[in-house]
Amino acid sequence: MDLGVRWKLHGDGRTPAPGAVVRPDERLSWPRTVGLGAQHVVAMFGASFVAPVLMGLDPNLAIMMSGVATMIFLLATRGRVPSYLGCSLSFVGVAAVIRAQGGTSATVTGAILVVGAVLFLVGLAVQRFGARIIHAAMPPIVTGAVVMLIGFNLAPVTASTYWPQDQWTALLVMLFTGLAVVCLRGFWSRVAIFLGLVFGYGLSWASDRVFGRIHSVDASGKVTDHWRLDLSGVSKADWIGLPSFHGPSFQWSAILVALPVVIALVAENAGHVKAVGEMTGDPLDDKLGTAISADGVASMLSTAVGGPPNTTYSENIGVMAATRVYSTAAYWAAACFALLFGVCPKFGAVVAAIPGGVLGGITVILYGMIGLLGAQIWLNAKVDLRNPLNLVPAAAGIIIGVGNVTMKFTDTFSLSGIALGTLVVITGYHALRAFAPAHLKKQEPLLDEGTSSYDTGADPDSDTPAPRAEP
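These lines cover the structure that appears in this document, whether it is placed above or below. (Residues numbered from 1 in each chain as written. Predicted model: local features only at pLDDT ≥ 70, side-chain atom pairs only at ≥ 80, totals over all residues. Heavy atoms only, no water.)

With that out of the way, let us pick up the environment of N404. With respect to the helices and strands, the residue N404 is situated in the loop between α19 (388–403) and β7 (406–408). N404 sits 12 residues away from S416 along the chain, and the two C-alpha atoms are 5.8 Å apart. The residues touching N404, leaving out its near neighbours within four places in the chain, are N153, I399, S416 and G417. (Helix = DSSP H or I, 4+ residues; strand = E, 2+ residues; numbered from the N terminus. Contact = heavy atoms within 4.5 Å.)

Structural data, given as structure tokens:
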């Protein structure tokens with residue numbers, strides 16, 4: 001059985017020829033491959049460490065399980081889909097809602113484990129019936145609206161939890177990160193979030209030395225005089241040790257809040273698989289179902305031991321586009337690096353010490369970018385928002401999700417925010433479509449035509465994108 005763990009040496013193993021690409025089943029020399037693996041680890045650092053911190057989960061366990069998840073994904077896809085699986089930011093809002101309802105870390109991971117199981121079943125269905133089954137249930141107008149409300153639902157978390165801890169640091173980190181995203185080129189623009197974290201870390205340290213303690217709310221929400229950067233936990237942490245594990249706990253209220261994220265994960269996987277297929281020149285439509293199922297299995301395994309869910313990372317796809325090295329050997333190297341970082345508690349303590357003001361500046365951009373991915377889905381699918389069949393359910397669902405509107409059915413059961421907004425979008429669209437006149441029902445592009453692309457042939461200084469490859 002070919003598991004995709006054998007690679008041919010590309011050329012002399014040093015530098016690809018001009019215009020050449022290193023295919024998934026090829027590799028450069030091992031030192032260069034290891035170096036590329038390290039580059040992939042840096043690319044996923046920002047989001048993979050910010051996400052578990054925002055979700056209240058162990059960052060060491062998150063990075064360890066991202067390595068395990070990547071290995072599972074590469075084996076499941078037989079090495080044809082080079083991708084790194086890191087902690088999914090789509091669940092940050094879900095975790096915040098569950099904790100606001102009194103849920104624990106076990107409740108959070110239990111709800112997400114169920115989402116992983118549903119994602120696995122969706123992948124099996126796609127393998128059996130094809131990607132059209134996704135479009136039938138979740139056309140682009142629905143998918144885009146759900147992704148949008150998931151992202152924008154997080155706005156109050158930034159406004160009330162992180163930004164007030166140090167508003168000036170938050171403002172400067174936001175400006176620095178925005179400049180990094182826009183002004184830097186190539187690889188450095190892909191790791192702009194990580195650079196923002198490093199900048200904020202250094203700024204907080206310097207501010208403590210120059211201005212002393214700050215009088216503001218701390219991480220617990222109490223107004224006190226405290227240091228912006230508290231490194232006391234770093235000195236106490238060991239250099240080598242296993243992260244903290246815990247089992248999941250299942251509550252229906254938490255599961256219902258988390259289930260809508262399945263739609264976002266399907267959209268992410270579809271777009272990423274399509275983008276990788278376009279870059280490598282290897283049509284991967286037959287691997288879409290496998291990729292979705294592998295993502296589900298990886299997330300189930302991670303949450304079963306107390307870690308966060310995982311998903312394919314666009315940051316690493318961007319690294320491939322910049323380097324034109326698509327070798328899965330580099331991803332195996334990255335996964336091994338992640339396992340090593342996972343058994344270093346001191347490293348996790350450094351991540352856990354990220355000041356609240358820094359997270360405030362980062363999340364202003366990050367949460368907005370998550371929400372605007374929904375708009376990107378609409379643009380790529382050419383969704384017509386002048387059509388009331390599209391406009392009405394999307395408008396209603398987004399306002400419900402962003403405003404955290406609540407519907408109380410009994411004293412013990414209610415739906416609100418993300419869960420209620422998603423339900424309104426999906427049921428509202430299909431119900432209206434059943435009664436809409438024929439001229440409002442027009443065929444829309446399939447979801448598996450992609451939610452993102454990397455036009456490597458475009459002139460970086462041109463406003464005209466390169467033509468997309470035909471599926």
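What follows continues from the structure just given.
A few words on the packing of aromatic side chains. Applying the stated criterion across every chain, the model contains two aromatic pairs. A ring pair is formed by W7 and W30, whose centres lie 6.0 Å apart and whose planes are at 85°; its orientation type is edge-to-face. One end of the pair, W7, is in the segment before β1 (8–9); the other, W30, is in helix α1 (residues 30–55), with 23 residues separating them in the sequence. Taking relative accessible area as the criterion, W30 reaches 40% and is therefore assigned partly exposed. (Phe/Tyr/Trp six-rings, centres within 6.5 Å; stacked < 30°, edge-to-face > 60°. Buried < 20%, exposed > 50% of the residue type's maximum accessible area, 1.4 Å probe, protein only.)

So, on to the nonpolar core. Grouped together as the largest cluster of nonpolar side chains are 102 residues, with contacts concentrated most on M55, L288, Y367 and W378. Sort the elements by how many residues they give to this core and helix α13 (residues 261–280) lands first, with 11 residues. Looking at which domains feed residues into this core, each of domain 1 (23–383) and domain 2 (385–438) gives three or more. Residue contacts for M55: discarding those within four places in its chain leaves C87, S88, F91, V92, A95, R99, V108, I112, P308 and P309. (Core = buried A, V, L, I, M, F, W, Y, C linked by side-chain atoms within 4.5 Å. Domains from an automatic or database assignment.)

On the surface, L385, L391, V392 and L432 cluster together to form a nonpolar patch covering roughly 310 Å² of accessible area. With respect to the secondary-structure elements, L391 resides in helix α19. (Patch = residues over 30% accessible without salt bridge, like charges linked within 9 Å, V, L, I, M, F, W, Y side chains within 5 Å. Areas by Shrake-Rupley, 256 points an atom, 1.4 Å probe, with all protein chains shown as cover. Salt bridge = Lys/Arg side-chain N within 4 Å of Asp/Glu carboxyl O.)

This part covers helix α8 (residues 167–183). With 17 residues, α8 ought to run about 24 Å at 1.5 Å a step, and its terminal C-alpha atoms sit 24 Å apart, in line with that. Three or more residues of α8 are buried, namely T169, A170, V173, T177 and A180. Projected down its long axis, α8 carries its buried residues within an arc of 95°, all on one side. Opposite its buried face, α8 presents the exposed residues W168, L179, V182 and C183, each directed more than 90 degrees away. (Expected span 1.5 Å × (residues − 1). Arc of directions from axis to C-beta.)

To continue, consider the packing of α8 against helix α10 (residues 192–211). At a closest axis distance of 9 Å, the pairing of α8 and α10 adopts a crossing angle of 150°. For the pair α8 and α10, the sense of crossing is right-handed. In contact with T169, L172, V173, F176, T177, A180 and V181 of α8, α10 contributes A192, I193, L195, G196, F199, G200, L203 and S204. Across the contact of α8 with α10, the residue classes break down as 10 nonpolar, five polar and no charged. (Axes fitted to C-alpha atoms, helices over the stretch in contact; angles between N-to-C directions. Left-handed = near helix turned anticlockwise from the far one by under 90°. Nonpolar A, V, L, I, M, F, W, Y, C, P; charged D, E, K, R; others polar.)

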